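# Fold and geometry: a report
Here is how the chains run, residue by residue.
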Amino acid sequence: MKIKIWTVIIVICLLLVSINVFKNKILIKCYPDKYSDYVGKYSEKYGVDKNLVYAVIKQESNFEEEANSRRGAKGLMQIMNDTASEIAEELGFSGMNLYNPETNINIGTKYLADLMEKYNNMKMAIAAYNAGFGNVDKWIAQGIIKKDGSNLENIPYKETEVYLRKVMKNYEMYNKLYGRV
């Protein structure tokens, strides 16, 4: 009888280990670290956590290079033409293709870094990445949200509130799967 119980326990343990390994493989497929050369290069250059860059790419385009939004945002990090032009000028680019992964990640990561510097708060930067810094500045001026980001649940745009939660969930998963930076 003891042998049967130990056999069952061993089989259950092996199944649990197998399920956990399989679960991680599925999660890594859902949360890839594609374009790691570019993400690593530009996250380091601009001082942005690479897992945050992955979290934004995951939410913005799900790693689709040719992604287009109905508002005109393009590429992996869904950059608007006006934003891209401003940052490209600052970086000294002449001519750019927002569907090029390296160009898009460079510009998107620089923009994210600028927002993080402006707000000194990751969640505020993420909200501004989605809604635009003009809207975030307006919400702060109107007292809708606090400058320290402590009440971001008051964001008046439902899309931005949901976006922020999804990016933060993605960020948490990237940290869990690939380690904190």
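On a predicted model such as this, the values are computed, not experimentally measured, just so you know. (Residues numbered from 1 in each chain as written. Predicted model: local features only at pLDDT ≥ 70, side-chain atom pairs only at ≥ 80, totals over all residues. Heavy atoms only, no water.)

## Describing the overall build of the chain
The condition is simple: Only DSSP runs of H or I covering at least 4 residues are called helices, and only runs of E covering at least 2 are called strands; the numbering of each starts at the N terminus. In this scheme, a residue with accessible area under 20% of its type's maximum is buried, one over 50% is exposed, and one in between is partly exposed, where area comes from a 1.4 Å probe on protein chains only. Contacts: residue pairs with any heavy atoms within 4.5 Å of one another. Accessibility throughout is a Shrake-Rupley quantity obtained with a 1.4 Å probe, and a residue counts as covered only by protein chains that appear here.
Within the chain, the regular secondary structure consists of eight helices and zero strands. In sequence order, the secondary structure elements of the chain are arranged as α-α-α-α-α-α-α-α. Here the chain holds 181 residues, and 41% of them are scored as buried. Pairs at least 24 residues apart make up 54% of the contacts formed inside the chain by residues separated by at least 6 positions. About 10,800 Å² of surface is accessible on the chain, with carbon and sulfur atoms providing 54% of the total.

## Quick word on the packing of aromatic side chains
Stated formally: Aromatic pairing here means that ring centres of Phe, Tyr or Trp (its six-membered ring) are within 6.5 Å. Orientation follows from the plane angle: under 30 degrees is stacked, over 60 is edge-to-face, and everything else is tilted. By definition, being over a ring means that NZ of Lys or CZ of Arg is both within 6 Å of the ring centre and within 35 degrees of the ring normal.
Summed over the entire model, instances satisfying the criterion amount to seven aromatic pairs. Consider the rings of Y111 and Y129, whose centres lie 5.6 Å apart with planes at 45 degrees: the pair is tilted. Placement of Y111 in helix α5 (residues 101-119) and of Y129 in helix α6 (residues 122-131) is noted, with a sequence separation of 18 residues between them. Side by side, Y111 and Y129 carry an identical accessibility label, which is buried. Both rings, one in Y174 and one in Y178, keep their centres 5.7 Å apart while their planes meet at 20 degrees; by these two values the pair is stacked. Taken together, the residues Y174 and Y178, both in helix α8 (residues 158-178) and four residues apart, mark about one turn of the helix. Put simply, the rings of Y31, Y54, F63, Y174 and Y178 pair up and form one aromatic cluster. The lysine or arginine in question, K58, covers the ring of Y31, its NZ or CZ lying 5.1 Å from the ring centre.

## Focus on α6
Helical geometry: 3.6 residues make up each α-helical turn, so side chains three or four residues apart lie on a common side. Selection criterion: Here a polar contact means two N or O atoms within 3.5 Å. Within protein one must be a hydrogen donor candidate and the other an acceptor candidate, and residues neighboring in sequence count only if both atoms are side-chain atoms.
With seven of 10 residues buried, α6 is to be regarded as a mostly interior element. Every buried residue belonging to α6 is among M124, A125, I126, A127, A128, Y129 and A131, and all of these are buried. Contacts from the buried residues of α6 go to α3 (50-61), α5, α7 (133-141) and α8. Two or three places before K123, at the start of α6, stands the capping residue N121, its side-chain oxygen 2.9 Å from that residue's backbone nitrogen.

## A word on the packing of helix α4 (residues 81-91) against α5
Which entries qualify depends on this criterion: To get an axis, fit a line to the C-alpha atoms, keeping to the stretch in contact for a helix; angles then go from 0 to 180 degrees between the N-to-C directions. Orientation is classified from the angle alone, with under 35 degrees giving roughly parallel, over 145 giving roughly antiparallel, 65 to 115 giving roughly perpendicular, and any other angle giving oblique. Three classes are used, and their members are as follows: Ala, Val, Leu, Ile, Met, Phe, Trp, Tyr, Cys and Pro are nonpolar, Asp, Glu, Lys and Arg are charged, and the others, Gly among them, are polar.
In the contact formed by α4 and α5, the axes pass within 10 Å of each other and the chain directions differ by 90 degrees. For the element pair α4 / α5, the angle class is roughly perpendicular. Counted together, T83, A84, I87, A88, E90 and L91 of α4 and N106, I107, K110, Y111 and D114 of α5 form the full contact between these two elements. Along the lines of polarity and charge, the residues of the contact of α4 with α5 split into six nonpolar, two polar and three charged.

## Structural notes on helix α2 (residues 36-46)
Operational definition: Relevant arc is that of directions from the helix axis to the C-beta atoms, nothing else.
All buried positions along α2 are accounted for by V39, Y42, S43 and Y46. With its buried residues spanning 105 degrees around the axis, α2 presents them on a single face. Seen from the open side of α2, the exposed residues pointing more than 90 degrees away from its buried face are D37, E44 and K45. The secondary structure elements touched by the buried residues of α2 are α3, α4 and α5.

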